[in-house]
Amino acid sequence: MIGLAATTYDPDGALIVPARLSNPYAAQRRGEVTATLDGGVSVYDGGYSIADQTLEATLSYPSKTLLETLRYLVAYYGQVITATEVGIYNAVLSYALIGKNLKISLRLVSRLDT
């Protein structure tokens, strides 16, 4: 289950999505590896940030009510409070309905439960 809520009081801005994250423990470091002219590489390591993680979930046959609430949250809130099995975050919400499958993406911004 994934809980989504507006960042301010809004009776229409909260829902529970009956789906699990497909990548709850994915992580990466900020940086890049660049090939150099001498055949080697130059490595830039910018460290780790929670904001470099995007959580994803897929749900088959979502209800019309769920889709309308997701559209409302995306339209009126730049960030939403996201409660998942791995923590509570502020996140940028996006979604796409592809055929019968709803794909939800949550670009994490900050952690709220620490």
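Residues numbered from 1 in each chain as written. Predicted model: local features only at pLDDT ≥ 70, side-chain atom pairs only at ≥ 80, totals over all residues. Heavy atoms only, no water.

Remarks on unusual backbone geometry
Rules: Counting from the N terminus, the helices are the DSSP runs of H or I reaching at least four residues and the strands are the DSSP runs of E reaching at least two. Only protein chains enter the area calculation, which uses a 1.4 Å probe; residues under 20% of their type maximum are buried, those over 50% are exposed, and those in between are partly exposed.
Phi at Tyr61 is positive, roughly 50°, even though this residue is not glycine. Structurally, Tyr61 can be placed in the loop between strand S5 (54-60) and helix H1 (64-76). The exposure class assigned to Tyr61 is exposed, which follows from its relative accessible area of 65%.

Here's the deal with the packing of aromatic side chains
Our working rule: Under the pairing criterion, centres of Phe, Tyr and Trp rings, with the six-membered ring standing for Trp, must be within 6.5 Å; the plane angle then separates stacked pairs below 30 degrees from edge-to-face pairs above 60, leaving the rest tilted.
In the structure shown here, the tally under the stated rule is two aromatic pairs. Relative to Tyr76, the ring of Tyr72 lies with its centre 5.0 Å away and its plane at 45°, an arrangement referred to as tilted. Placement of both Tyr72 and Tyr76 in helix H1 is noted, with a separation of four residues, approximately one turn of the helix. Using a relative accessible area of 26% as the deciding quantity, one classes Tyr72 as partly exposed. Residue Tyr76 is classed as exposed on the basis of its relative accessible area of 61%. Pairwise contacts between aromatic rings join Tyr72, Tyr76 and Tyr77 into one cluster.

Things to note about the sheet that holds strand S2 (residues 14-17)
Note the cut-off: Whether two strands pair depends on DSSP finding at least two bridges between them. Throughout, an axis means a line fitted to C-alpha atoms (over the contacting stretch in the case of helices), and angles, computed between N-to-C directions, take values from 0 to 180 degrees. Residues count as neighbours in contact if any of their non-hydrogen atoms are within 4.5 Å of one another.
If you walk across this open sheet you meet the six strands as S2-S1-S6-S7-S8-S5, and the pairing is antiparallel. The sheet is open, and its two edges are formed by S2 and S5, each paired on a single side. Averaged over all pairs of adjacent strands, the angle between strand axes in this sheet comes to 35°, irrespective of strand direction. As judged from the five bridges shared by strand S6 (residues 80-84) and strand S7 (residues 87-98), these two strands associate in the antiparallel manner. In the strand pairing of S7, Thr84 is matched with Gly87. Its contacts with the sheet put H1 on strand S1 (2-5), S2, S5, S6, S7 and strand S8 (101-111), and the angle it makes with S7 is roughly 120°.

Here's the deal with the nonpolar core
Note the cut-off: In this description, a nonpolar core means a group of buried Ala, Val, Leu, Ile, Met, Phe, Trp, Tyr and Cys residues linked to one another through side-chain atoms lying within 4.5 Å.
Leu4, Val17, Leu73, Leu93 and Leu106 are the most contacted members of the largest nonpolar core, which totals 24 residues. Val17 has contacts with Met1, Ile2, Leu4, Leu59, Leu66 and Ile104, leaving out every residue within four places of it along the chain.

Some details on the side chain of Asp10
Our working rule: Think of it this way: Lys and Arg go in the positive column, Asp and Glu in the negative one, and His and the chain ends go nowhere. By definition, a salt bridge exists where a carboxyl oxygen of Asp or Glu is found within 4 Å of a side-chain nitrogen of Lys or Arg. Each polar contact in these results corresponds to two N or O atoms within 3.5 Å; when the atoms are within protein, one needs to be able to donate a hydrogen and the other to accept it, and residues that are neighboring in sequence are counted only if both atoms are side-chain atoms.
Note on placement: Asp10 falls in the loop between S1 and S2. Buried Asp10, no salt bridge; nearest opposite-charge side chain is Arg71, N-O distance 14 Å. A polar side-chain atom of Asp10 sits 3.0 Å from the main-chain amide nitrogen of Asp12. Discounting residues that sit within four places of it in the chain, Asp10 has contacts with Tyr72 and Tyr77.

Observations regarding the pairing of S6
Alternating residues of S6 divide into Val80, Thr82 and Thr84, all buried, and Ile81 and Ala83, none buried. Relative to S6, S1 is paired through three bridges, and the arrangement is antiparallel. Along S6, the bridge assignment pairs Gly3 with Ala83. As consecutive antiparallel partners, S6 and S7 are separated by two residues.

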